[in-house]
Amino acid sequence: MSANPSSVVSRSSVRDSARQALALRFAQVRARTRELAAPLSAEDQCVQSMPDASPTKWHLAHTSWFFEAVVLSAHAEGYTPFDARYFHLFNSYYESLGPRHPRPQRGLLTRPSVDEVLVYRTHVDAAMQRFLTQADDAAWSAAARLVELGLHHEEQHQELILTDILHMLSCNPLLPAYRKADAPALRLAAGVPALRWLDGAGGVVEIGHAQEAFAFDNETPRHSRLLPSYQIADRLVTCGEFAGFIADGGYEQPMLWLSDGWAAVQQQGWKAPAYWLAPGDARAPSDDWQVFGLDGVRPLDAAAPVSQLSFYEAAAYAQWAGARLPTEFEWEAAYGLPGISQMSGHVWQWTRSSYDPYPGFRPLSGAVSEYNGKFMVGQLVLRGGSIATPPDHARPTYRNFFPPGTRWQFSGLRLARDA
């Protein structure tokens, strides 16, 4: 029996619609990355301020490398690389795809220039659009999920562009702003509402992504967890509250700190969150605390969530406050609780959970098997999402992870306690 012509047309229409939608999303994500780099000079984009950060130019090139190395070279018939040397220069950590330039030396790559990297991006963009619209069904089926992963990967680098450039600008004695600041909002005299404790969902809860839509492999598989009864704060800890910790000698009391955290305080001279400027700081003289951010130097907003904290600082504050940090499972189970607020879009929230695989975790196949799994050691999980996180990444199952001493991210804390 011959196929129903109408069903064949219907399937073809669905396939074409999916291709068009992905091609449009590809163009939007790629344009957004260039928009984020636009306020920066060529000099700004070449600097690597520390080994954990990367120059903006490198982010622009690496996100193009991902599509060239993972999608085009593997699935686009007859594709010619823009410059074969770039496979070495802009590989991040994919051992299966060959050697790479050392991460701490990315700031030494003054060549290719920013303009040449933008030409590289244009080349990859054109090749990807041809592939998305013209590839045969077999190649499309094999690559579609990789393209989607590549777009979410690029959005992660959009966030890193902002956090990395903020660290770089903070190293400049002039403290230049990344973008022009709006006038400070007029604040009423009313203070921050008192923190309220909400009862978390104890018992057996479901954790992880159910995969109806995109998720990174480290968010899966969905599984059950048994949680003891607990309480969680309805909001984030504020700058004003953290200033109270500082005023009470929080950075001077070893009993509040984990051993490695106290060592970091002593070795690195921490006295406040990263980018806080104490009264009298010669770089921006003032009688009051100030904070350096993407908008430049601003007066400390006591009502704003505290940011740029390491895990050690978050844990010390929680100890001082007579509380603790939530586990990542408590945090996820509390997502959507009546009365809870600031779960995403403000700061990443440190949890007390090590970054481990979920039961039954299986990495993706092929080169992208290296995407997450091999980093599951020596790191702590953060949940939520910050002001720099792309909005479509804000979901209750998203797992970010960093070493406990990291404080250059937009990272803060929410308190929890045993019931």
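Residues numbered from 1 in each chain as written. Predicted model: local features only at pLDDT ≥ 70, side-chain atom pairs only at ≥ 80, totals over all residues. Heavy atoms only, no water.

Empty space among the atoms can be located by rolling a probe the size of a water molecule over them. Applying the stated criterion to the full structure yields one cavity of 30 Å³ or more. Size it by volume and the largest cavity reaches roughly 40 Å³. As for the largest cavity, its lining consists of Asp44, Val47, Gln48, Ser49, Ala53, Ser54, Pro55, Thr56, Asp164, Ile165 and Met168. With three residues, helix α6 (residues 137-170) is the largest single contributor of residues to the lining of the largest cavity. Taken together, the residues that form the lining of the largest cavity break down as five nonpolar, four polar and two charged. (1 Å grid on protein atoms, 1.4 Å probe; cavity = no way out; pocket = protein on both sides within 12 Å on 5 of 7 lines; lining within 4 Å. Points joined across faces, edges and corners; volume = space filled by probe spheres on them. Helix = DSSP H or I, 4+ residues; strand = E, 2+ residues; numbered from the N terminus. Nonpolar A, V, L, I, M, F, W, Y, C, P; charged D, E, K, R; others polar.)

Attention shifts here to the side chain of arginine 19. Relative to the helices and strands, arginine 19 is located in helix α1 (residues 5-37). Looking at arginine 19, the relative accessible area reads 6%, which means it is buried. At 3.3 Å, the side chain of arginine 19 forms a polar contact with the side chain of aspartate 137. Dropping the residues within four chain positions of it, arginine 19 is found in contact with Phe131, Leu132, Thr133, Gln134, Ala135, Asp136, Asp137 and Trp140. (Buried < 20%, exposed > 50% of the residue type's maximum accessible area, 1.4 Å probe, protein only. Polar contact = N/O pair within 3.5 Å; in protein donor to acceptor, adjacent residues only side chain to side chain. Contact = heavy atoms within 4.5 Å.)

Tracing the chain through its elements places glutamate 313 in helix α9 (residues 311-320). One polar contact links the side chain of glutamate 313 to the main-chain amide nitrogen of serine 310, over a distance of 2.8 Å. If sequence neighbours within four positions are ignored, glutamate 313 has contacts with Phe242, Tyr251, Trp257, Trp270, Ala272, Pro273, Gln308 and Arg407.

So, on to unusual backbone geometry. In terms of backbone geometry, most residues other than glycine have negative phi values and most peptide bonds are trans. A cis amide bond links arginine 111 to the next residue, proline 112, at an omega of 0°. Here proline 112 is to be found in the loop between α4 (86-89) and α5 (114-134). The omega torsion across threonine 220 and proline 221 is -5°, close enough to zero to call that bond cis. Tracing the backbone through its elements, the reader meets proline 221 in the loop between β2 (203-207) and β3 (223-227). Phi is positive for glutamine 308, close to 60°, though the residue is something other than glycine. Phi at glutamine 342 is positive, roughly 55°, even though this residue is not glycine.

Right, let's get into the nonpolar core. Residues Phe90, Met128, Phe131, Leu132, Phe242, Phe245 and Leu413 are the most contacted members of the largest nonpolar core, which totals 97 residues. Sorting elements by how many residues they give to this core places α6 first, with 14 residues. In contact with leucine 132, other than residues within four places in its own chain, are Arg19, Leu22, Ala23, Phe26, Trp140 and Val147. Among the nonpolar cores identified, the runner-up in size contains 14 residues, and Phe329, Ala333, Ile340 and Tyr358 belong to it. (Core = buried A, V, L, I, M, F, W, Y, C linked by side-chain atoms within 4.5 Å.)

Taken together, four strands build an open sheet; the order of strands is β10-β9-β8-β11 and the sheet is mixed. Bordering the open sheet on either side are β10 (400-402) and β11 (411-412), each of which pairs with just one other strand. Sheet topology note: the strand β9 (residues 380-383)/β10 ladder contains three bridges and is antiparallel. The partner of leucine 380 across the bridge, within β10, is phenylalanine 402. (Pairing = 2+ DSSP bridges.)

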